[in-house]
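Descriptive analysis of the structure
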Amino acid sequence: MNTENDLYQELVLEHKRTPRNFGHLPHPTHQAQGTNPQCGDQVAVELQVQDGRVQDIRFSGQGCAICMASSSMMTEAVKGRDLASAQQLQQHFRAVLTGTQEPDDAALGKLVSLAGVRRYPSRIKCALLGWHALMHAIADQADKAEGTIPADAAPAEQQP
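Residues numbered from 1 in each chain as written. Predicted model: local features only at pLDDT ≥ 70, side-chain atom pairs only at ≥ 80, totals over all residues. Heavy atoms only, no water.

Along the chain, the position of Asn 21 falls in the loop between helix 1 (2-17) and strand 1 (30-36). Given the relative accessible area of 18%, Asn 21 is considered buried. Among the polar contacts listed, one links the side chain of Asn 21 to the side chain of Lys 79, at a separation of 3.0 Å. Apart from residues lying up to four places away in sequence, Asn 21 is in contact with Ile 57, Arg 58, Phe 59, Thr 75, Glu 76 and Lys 79. (Helix = DSSP H or I, 4+ residues; strand = E, 2+ residues; numbered from the N terminus. Buried < 20%, exposed > 50% of the residue type's maximum accessible area, 1.4 Å probe, protein only. Polar contact = N/O pair within 3.5 Å; in protein donor to acceptor, adjacent residues only side chain to side chain. Contact = heavy atoms within 4.5 Å.)

By the element assignment, Ala 139 lies in helix 4 (residues 121-146). Ala 139 gets classed as partly exposed once you look at its relative accessible area, which sits at 33%. Taking the C-alpha atoms as reference, Ala 139 lies 9.8 Å from Gln 31; in sequence the two are 108 residues apart.

The end-to-end C-alpha separation of helix 3 (residues 83-98) is 22 Å, in line with the 22 Å expected for 16 residues at 1.5 Å each. What helix 3 keeps buried is the set Leu 83, Ser 85, Ala 86, Leu 89, Gln 90, Phe 93, Ala 95, Val 96 and Leu 97. Following helix 3 by one or two positions, Gly 99 adopts a phi angle in the positive range, close to 85°. (Expected span 1.5 Å × (residues − 1).)

On to unusual backbone geometry, then. Of note in this structure, Asn 21 is not a glycine but carries a positive phi near 55°. Even without a glycine there, the phi angle at Asp 51 is positive, about 55°. Take Asp 51: it is sitting in the loop between strand 2 (41-50) and strand 3 (53-62). According to the relative accessible area criterion, Asp 51 is exposed, its value standing at 79%.

Along strand 2, seven of the ten residues are buried, which leaves the element largely enclosed by surrounding structure. Direction of pairing for strand 1 relative to strand 2: antiparallel, over a ladder of seven bridges. Residue Thr 35 lies in a different strand from strand 2, and its bridge partner there is Gln 42. Turn length for the strand 2-strand 3 hairpin, with the two strands adjacent in sequence and antiparallel, is two residues, and the turn residue Asp 51 shows positive phi of about 55°. (Pairing = 2+ DSSP bridges.)

Shown next as structure tokens:
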């Protein structure tokens, strides 16, 4: 348990200090933002999707160490994946954090280090905020493509 906890703390701190893919894309094809009003975390996610694959991804915002580290690790995990694979990864990650799937069964890679968050129910929303924004960015763009929402509609704030 100590080794798992140490790895969790080390990775969270590393990604908080030097988040990967932090900033903005010049011309995102997909974007959404999320806010956790309980703690004030705010994350915006921007994607460059081409042929159904995440070519590039960035996130910006401010939040606690768990929120920022999870968002940073998320960008590393989904970059280069097709959208369906990114959605499936989000489902497994969420299932692990909410306790409906065991970490060893989820094939999360480095994201498994965040599985310890499930011991702190009040922090699960922090770890999932960037992921929720990612899913809303994908879904909103799909809705625009299908004509169910106006293409010029601004992304709304999303809550986990």
